[in-house]
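Below are the chains, spelled out letter by letter.
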Amino acid sequence: MRSAALAGWTALLLAGCANIAEQPLHGATSTITTSGELSGELKQGVRVYRGVPYAKPPIGPLRWQAPQPVKWDGVRDASSFGPACLQPVNEDGSPNFGGYAGPVSEDCLTLNIWGPREAQNAPIMLWLFGGGGVVGAGNISTYHGDAFARDGVILVTINYRLGGLGGFAHPSLTAEKSGGPNANYALMDAIAALQWIKDNAVAFGGNPDNITLFGESAGATMTANLVTSPLAKGLFGKAIFESTGSLATPATSLKKAEAIGGKVARDLGLPAATAAQLRAVDAKRFLANRIAGFGLRTIADGVVQPTSIMDAYKAGVQNDVVLMIGTNSDEGRLEGTQKVAALAEKKGTVFQYFFDYVPDALKNEHPNGSPHAGELPFVFDTLDSYALLPDRSVSQADRKVARLTHACWVAFAKAAPGTTALDCGGLFHWPARTTANGHAVARLSLTPSLIPASDLKSPPNGAPPGKTSRP
């Protein structure tokens, strides 16, 4: 009887294994979301959905409004990326200074999802790209999520409104808000995307209670704003700030933002502009105005963002999230990073890093340390598509550091509540900052190590700061 039962279980196990083996690694994939049904692509065991709307197009009467829920009928094709949000692009088709080349549109609120084929309760990471809040897109090849999906993480990238379409105030627009969310439209976009992902996590095999929000440069500033925004509370439990130099920058008061918006309107020939008149201005003409083209990043409207990032941390009123925070070794941006890391440590768990590696092919250009954005292809493990590498020349040392760095971000995404140390794929043990360990910082390099936060210096060798360095 026992041998017969064992034989039966063995047959079932083998059948199950055969069934898994027979499932295709390539082809189509579909799922049903709260907005409608999607048809995506299955490629090398990774499910990919591209150009998925997470809100209605912010055009016409919805320009300078909070994102509105979107629905569609039938099956929506999600095999192609959507256009980036309006931004300056090069006429010759080369990437702009945000790394983007391709179509742009005011109708741009889409997201992209990479996930494991058989994901179940997988951690989710939502990425906010950098680019000064003026350029960039979620579909740039450096940000593709194949490696995260390979390692059991669902990676989501989004587009959000840029320039003055993403951060703008005017008395006429404020008047119609009746005290509701105002001015910070890029932040509202990110909140809407977070809510959409949380609502649809299970449909993609994800865990709605394990979402990490992360971003670099302007995207990191957005992430920090959302960690300190009451409207984002509960939408994510972990956050990563990569290389933001704006943590100590005061928020712009709503009154001042309205005055700046009034000047833009006057420059456009609308000295007493109504909301309807402002929305009737061609979007490209609006962004051609120098002030409007840049827009504003952090506006203290009292609802989306009540105060500045630093003031929120000083008061200890930031949302309760586990934090990873860091900079690159030759980009500056240490002062605000160090202050926020120390303040956040008083309330919760903080992992701080110092990325100190330059690809072999770029060492002559950056001899003193990693420049701004230098960590990105290592975080995403996308060195083979990294446009800044001459002839895509990737050394074995480069790949080793990519495996390490990517493994640390994966470990953070997978970390359970209460985790105080990360196992970076067996390559490095990274403890959270504590008084006992000298507020340890992970120096991520070919030979990773732990160093006290007080020893950080940019660049480490004392040379003059590089061209991408900022205070």
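Coordinates for the structure precede this section.
Summary of the structure given here. (Residues numbered from 1 in each chain as written. Predicted model: local features only at pLDDT ≥ 70, side-chain atom pairs only at ≥ 80, totals over all residues. Heavy atoms only, no water.)

## Considerations on the overall build of the chain
Here's step 1: Scanning the chain from N- to C-terminus turns up 14 helices and 19 strands.
Here's step 2: For the chain, whose C-alpha radius of gyration is 23 Å, the value lies close to the compact-globule estimate of 23 Å for 471 residues.
Here's step 3: Judged by the C-alpha coordinates and their principal axes, the chain covers about 90 × 60 × 45 Å.
Here's step 4: Per-residue burial over the chain gives 55% buried out of 471 residues.
Here's step 5: Considering only contacts in the chain between residues 6 or more positions apart, those separated by 24 or more positions represent 75%.
Here's step 6: Across the chain, the 40 positively charged side chains and the 38 negatively charged ones have centroids separated by 4 Å. (Helix = DSSP H or I, 4+ residues; strand = E, 2+ residues; numbered from the N terminus. Rg over C-alpha atoms; globule rule 2.2 N^0.38 Å. Buried < 20%, exposed > 50% of the residue type's maximum accessible area, 1.4 Å probe, protein only. Contact = heavy atoms within 4.5 Å. Lys, Arg positive; Asp, Glu negative; His and termini not counted. Charge placed at Lys NZ, Arg CZ, Asp CG, Glu CD.)

## Observations regarding the state of the cysteines
Here's step 1: Considering all chains together, one arrives at two disulfides under this definition.
Here's step 2: Shown here is the disulfide that connects Cys 408 with Cys 424, its sulfur atoms set 2.2 Å apart. Measuring the twist about the S-S bond at about 110 degrees, one finds the Cys 408-Cys 424 disulfide to be right-handed. With Cys 408 in helix α14 (residues 396-414) and Cys 424 in the loop between β16 (421-423) and β17 (429-431), this pair connects stretches of sequence that are 16 residues apart. (Disulfide = S-S within 2.5 Å.)

## Section: the pattern of salt bridges
Charged atoms that come close allow side chains of opposite charge to pair.
Here's step 1: Applying the stated criterion to the full structure yields 16 salt bridges.
Here's step 2: Residues Lys 177 and Glu 176 are paired through a salt bridge, measuring 3.5 Å at the closest nitrogen-oxygen approach.
Here's step 3: With a shortest N-O distance of 2.9 Å, Arg 399 and Asp 384 are connected by a salt bridge. Taken together, the residues Arg 399 in helix α14 and Asp 384 in the loop between α13 (376-379) and α14 connect sequence positions 15 residues apart.
Here's step 4: Look at the salt bridges and you will find they share partners, linking Arg 150, Asp 151 and Asp 381 into a network. (Salt bridge = Lys/Arg side-chain N within 4 Å of Asp/Glu carboxyl O.)

## Notes on the environment of Ala 387
Here's step 1: Along the chain, Ala 387 falls in the loop between α13 and α14.
Here's step 2: Overall, Ala 387 belongs to the exposed group, its relative accessible area being 55%.
Here's step 3: Sequence spacing of Ala 387 and Met 125 is 262 residues, and the spatial spacing of their C-alpha atoms is 23 Å.

## Observations concerning helix α7 (residues 254-267)
Here's step 1: End to end, α7 covers 20 Å across 14 residues, agreeing with the expected 20 Å (1.5 Å per residue, within 8%).
Here's step 2: Of all the positions in α7, only Leu 254, Ala 257, Glu 258, Gly 261, Gly 262, Val 264 and Ala 265 are classed as buried. Burial along α7 is one-sided: seen end-on, the buried residues are contained in an arc of 160 degrees. Of the exposed residues in α7, the ones pointing more than 90 degrees away from its buried face are Lys 255 and Lys 256.
Here's step 3: Packing partners of the buried residues in α7 comprise α4 (171-177), β12 (252-253), α8 (275-280), α9 (283-288), α10 (290-294) and β13 (299-300).
Here's step 4: Gly 269 sits one or two positions beyond α7 and adopts a positive phi of about 85 degrees. (Expected span 1.5 Å × (residues − 1). Arc of directions from axis to C-beta.)

## Topic: the nonpolar core
Here's step 1: Counting 128 residues, the largest nonpolar core has Phe 236, Phe 241 and Trp 409 as its most contacted members.
Here's step 2: The greatest single-element share of this core, amounting to 11 residues, is contributed by helix α5 (residues 185-200).
Here's step 3: By size, the runner-up hydrophobic cluster in this structure holds six residues, among which are Leu 254, Ala 257, Leu 296 and Ile 299. (Core = buried A, V, L, I, M, F, W, Y, C linked by side-chain atoms within 4.5 Å.)

## Things to note about the environment of Ile 451
Here's step 1: Tracing the chain through its elements places Ile 451 in strand β19 (residues 449-452).
Here's step 2: In this structure the C-alpha to C-alpha distance between Ile 451 and His 439, which are 12 residues apart in sequence, comes to 8.4 Å.
Here's step 3: For Ile 451, the contacting residues outside a window of four places in its chain are His 439, Ala 440, Val 441, Arg 443 and Leu 456.

## Section: the pairing of strand β7 (residues 110-116)
Here's step 1: Counting buried positions along β7 yields seven of seven residues, so the element is predominantly enclosed.
Here's step 2: In this sheet, β7 lies alongside strand β3 (residues 46-53) in antiparallel orientation, the contact comprising six bridges. Looking at β7, one finds that Pro 53 is bridged to Thr 110.
Here's step 3: Across four bridges, β7 lies against strand β9 (residues 154-158) in antiparallel orientation. Each bridged residue has a counterpart across the sheet, and for Asn 112 the counterpart in β9 is Thr 157. (Pairing = 2+ DSSP bridges.)

## Notes on the packing of aromatic side chains
Here's step 1: Under the defined criterion, the tally for this structure stands at 19 aromatic pairs.
Here's step 2: Where Trp 127 meets Phe 380, the ring centres are 5.0 Å apart and the plane angle is 80 degrees; that geometry is what we call edge-to-face. Remark: Phe 380 occurs in the loop between α13 and α14 and Trp 127 occurs in strand β8 (residues 122-128); sequence separation between them is 253 residues.
Here's step 3: Residue class for Phe 380 comes out buried when judged on its relative accessible area of 0%.
Here's step 4: Taken together through their ring pairs, the aromatic side chains of Trp 127, Tyr 143, Phe 148, Phe 214 and Phe 380 make up a single cluster.
Here's step 5: Lying across the ring of Trp 72, Arg 76 places its NZ or CZ 5.6 Å from the centre.
Here's step 6: Between the NZ or CZ atom of Lys 238 and the centre of the ring of Phe 412, over which it lies, the distance is 5.9 Å. (Phe/Tyr/Trp six-rings, centres within 6.5 Å; stacked < 30°, edge-to-face > 60°. Lys NZ or Arg CZ within 6 Å of the ring centre and 35° of its normal.)

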